[in-house]
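# Working through the structure, step by step
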Amino acid sequence: IYNEQVRDLFAKSNPSGGLKVRMNPKSGVEVVGLTEWPVGSYKEIDERIDTATKNRTVAATNMNATSSRAHTVVTITYTQLEINAKGPGKHSEKKAKMNLVDLAGSERAESTGATGDRLKEGAAINLSLTMLGNVITALAEKSNHPKKNVLVPYRESKLTCILQDALGGNAKTIMICALSPADINFEETLGTLRYADRAKQIKNKPKVNVDPTEALIQQLKAENERLKAQFGGTGAPAGGAISEEEKEAMRKQMEEEMAAKMAENERMLAEMAKSWEDKLKEAQEKTVAEGSSANADEEKKATVPHILNVHEDDLLSRAVCYFFPKDDIINFGNRNNPGVEEILLGGVSIRPDHCRVHNTDDVLTLGVREGCKVLLNGVEVAGGSEGTALHHNDRMVVGTNYFFVVVHPTEAATPPEGGWPSVDWDMMNREIAKAQGMAVEANWASMSEEEKRRALLNDELVQVMPRVTEANALSQEMGRGMKFETKITPVM
């Protein structure tokens, strides 16, 4: 759930505005169009979660989201099928649903320094967490005073709507809270502990879910017949003078909504008509097809030079891959102003025709357009230059937020003495700091206490520098004429 929009992580792309969430009086909360993937083992669950994580990384890269600023929900539905429970051919089902929820942390705008899109994301996160807090408070009140009529505000946010069954329904809930020991996070820590204390007061009494599939099929068929009958009406409300154009617009909107609802009901009916074995077989066939595609990509990685993303979250690193085919030119550009570029990135400091990589007989060279920023191994490449050599394990930063490592299979086969150094987010930031004159390599054993304090300060500066760089890029993009830099002053 990103910016109050629901995205399907099994899908490569999602509709504008995200998926719709609706309340179905028969089956509970539904996310319309959400992919459900049958699995037959815990190994297959792991594989599906890995696929979703990769899709999330690609989406985060396309949206220029450099940190995990979304709530992620993994729902696993367990079905126990009892064959011939009520006579020959009549089966009984028991269902249990497990929601694994990773909540984005709440943020104070003044402490994170968020602006623009980051501020909007933080506001959406804080809003949904506040609504979740309100729901937990209401449920705790309901548990402590069973006779009191308490309204639980599930519909206030997409997060609480989706988790309705997991919070106050036929469920058991476990919450794990992350706390900071730092004194500057005192308010957030106290707020989180209060949150947990309220959650502990909720008392649910779970019972076995016996699935009335046949009854639900009949109800869906009846609802579809009713919707078909409504197509003949005008859809205009009784009373009040409205024009023909407004009447037609309302009719069209109602028809679209009914058509979407009917299509979803038909999809659910088709799914229910299939046996579990059929569903599992279809899913496994799709997995095999996906696997052959993934294998083709892995085989391509073994022979074709490419770059892989480097992310501050190790889990999201090396999930995005861009290839540089032989005797071809691959251009980088801005997705908000696309031209002929093959790789489109978003965010500040990414310009149209930003840079390009030439692959001539498996020799890679980099060209950068005048006024565009690209760092190679921590050092800025001069704008307007062409022919800068790229080698295996080189580190590229395009703009301010896009970190990549170059992989050249032919060169990788002949490593230097000691092997290729491991490339991660921290290593790249230290390299940039070192290129700017900071002492980042420390021999702790031979240091005095004063030198250790300075080394720790340098470590903190390395973490701050990417933010300063981004602030300068924002200032330049907005034409503010301001330049930010880090400055250390002694405390007297």
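Here the structure is a predicted model, which is why all the values come from computation and not from measurement.

## Some remarks on the overall build of the protein
- Summing up its helical and strand segments, the protein has twelve helices and 15 strands in all.
- Summarising the internal contacts of the protein: among those between residues at least 6 apart in sequence, 55% fall at separations of at least 24.
- Total accessible area on the protein is roughly 29,800 Å²; 54% of this is exposed by carbon and sulfur atoms.

## Observations concerning the pairing of strand E7 (residues 328-334)
- Buried residues dominate E7, accounting for five of its seven residues.
- Across five bridges, the pairing between E7 and strand E9 (residues 355-360) is antiparallel. Residue pairing across strands places Phe332 opposite Cys355, the latter belonging to E9.

## Concerning the sheet that holds strand E15 (residues 402-407)
- What the six strands build is an open sheet, ordered E6-E5-E15-E14-E11-E12; its pairing is antiparallel. Looking at which strands have only one partner, the edges of the open sheet turn out to be strand E6 (321-323) and strand E12 (379-380).
- In the sheet, strand E14 (residues 395-398) pairs with E15 via four bridges, with the strands oriented antiparallel. The partner of Val397 across the bridge, within E15, is Phe403.
- Across the face of the sheet, helix H11 (residues 425-435) comes into contact with strand E11 (374-376), E12, E14 and E15 while running at roughly 80 degrees to E14.

## A word on unusual backbone geometry
- The backbone of Asp361 shows a phi angle near 50 degrees, a positive value even though the residue is not glycine.
- Mapped onto the fold, Asp361 is located in the loop between E9 and strand E10 (363-368).
- One non-glycine residue, Asn377, lies in the positive phi region at around 55 degrees.
- Residue classification places Asn377 among the partly exposed positions, given a relative accessible area of 25%.

## Remarks on the side chain of Arg356
- Residue position: Arg356 is located in strand E9.
- There is a polar contact of 2.6 Å between the side chain of Arg356 and the side chain of Glu386.
- Beyond its immediate stretch of four places on either side in the chain, Arg356 contacts Ile329, Ile330, Asn331, Thr365, Leu366, Gly367, Val368, Arg369 and Glu386.

## Thoughts on the environment of His391
- Residue placement: His391 occurs in the loop between strand E13 (388-390) and E14.
- There is a polar contact of 3.3 Å between the side chain of His391 and the side chain of Glu411.

## Quick look at the environment of Gln284
- You can see Gln284 is positioned in helix H9 (residues 276-301).
- C-alpha of Gln284 to C-alpha of Glu44: the two residues are 240 residues apart in sequence and 9.2 Å apart in space.

## Looking at the packing of aromatic side chains
- Using the criterion set out here, one finds three aromatic pairs in the structure.
- Lying across the ring of Trp37, Arg48 places its NZ or CZ 4.0 Å from the centre.
- Note that Arg198 overlies the ring of Tyr195, its terminal NZ or CZ placed 5.5 Å from the centroid.

## Points about the sheet that holds E7
- In spatial order, the strands read E8-E7-E9-E10-E13; together these five strands make up an open sheet with mixed pairing. Only two strands of the sheet have a single partner each, and these edge strands are strand E8 (343-345) and E13. Pairs of neighbouring strands in the sheet enclose a mean axial angle of 25 degrees, with direction left out of account.

## Let's talk about a negative patch on the surface
- Judged by side-chain charge, Asp327, Asp328, Glu342 and Asp361 come together as a negatively charged surface patch.
- Mapped onto the elements of the fold, Glu342 is located in the loop between E7 and E8.
- For Glu342, a relative accessible area of 45% translates into the label partly exposed.

## Describing the confidence of the model for the protein
- Taken residue by residue, the protein gives an average pLDDT of 78. The fraction at 70 or more is 79%.
- Residue range residues 234-239 is modelled with pLDDT below 50. Its contacts to residues more than four positions away, or to other chains, number eight contacts.

## Things to note about the environment of Asn134
- Within the secondary structure, Asn134 is located in helix H3 (residues 116-144).
- Asn134 gets classed as partly exposed once you look at its relative accessible area, which sits at 36%.
- Residues Asn134 and Tyr154, spaced 20 residues apart in sequence, show a C-alpha to C-alpha distance of 8.9 Å.

## Quick look at the packing of H11 against helix H12 (residues 449-477)
- At their nearest, the axes of H11 and H12 sit 9 Å apart, and the two run at 95 degrees to each other. When the axis of H11 is compared with that of H12, the two are roughly perpendicular. Between H11, through Asp426, Asn429, Arg430 and Ala433, and H12, the contact on the second element is made entirely by Asp459, Val462, Gln463, Met465 and Pro466.
- Here the residues of the contact of H11 with H12 sort into four nonpolar, two polar and three charged.

## Topic: the pattern of salt bridges
- A full pass over the atoms with the stated rule returns seven salt bridges.
- Glu30 is the salt-bridge partner of Arg22, the closest N and O atoms lying 3.1 Å from each other.
- Two residues, Glu141 and Lys148, come together in a salt bridge whose shortest N-O distance is 2.8 Å.
- Of the residues examined, Glu141 reaches a relative accessible area of 27% and is grouped as partly exposed.
- When its relative accessible area of 45% is taken as the criterion, Lys148 is described as partly exposed.
- Linked by salt bridges that have partners in common, Asp353, Arg356 and Glu386 make up one network.

Quick notes on the rules
- Residues numbered from 1 in each chain as written.
- Predicted model: local features only at pLDDT ≥ 70, side-chain atom pairs only at ≥ 80, totals over all residues.
- Heavy atoms only, no water.
- Helix = DSSP H or I, 4+ residues; strand = E, 2+ residues; numbered from the N terminus.
- Contact = heavy atoms within 4.5 Å.
- Areas by Shrake-Rupley, 256 points an atom, 1.4 Å probe, with all protein chains shown as cover.
- Buried < 20%, exposed > 50% of the residue type's maximum accessible area, 1.4 Å probe, protein only.
- Pairing = 2+ DSSP bridges.
- Axes fitted to C-alpha atoms, helices over the stretch in contact; angles between N-to-C directions.
- Polar contact = N/O pair within 3.5 Å; in protein donor to acceptor, adjacent residues only side chain to side chain.
- Phe/Tyr/Trp six-rings, centres within 6.5 Å; stacked < 30°, edge-to-face > 60°.
- Lys NZ or Arg CZ within 6 Å of the ring centre and 35° of its normal.
- Patch = residues over 30% accessible without salt bridge, like charges linked within 9 Å, V, L, I, M, F, W, Y side chains within 5 Å.
- Salt bridge = Lys/Arg side-chain N within 4 Å of Asp/Glu carboxyl O.
- Lys, Arg positive; Asp, Glu negative; His and termini not counted.
- Charge placed at Lys NZ, Arg CZ, Asp CG, Glu CD.
- pLDDT = per-residue confidence, 0-100.
- Parallel < 35°, antiparallel > 145°, perpendicular 65-115°, else oblique.
- Nonpolar A, V, L, I, M, F, W, Y, C, P; charged D, E, K, R; others polar.

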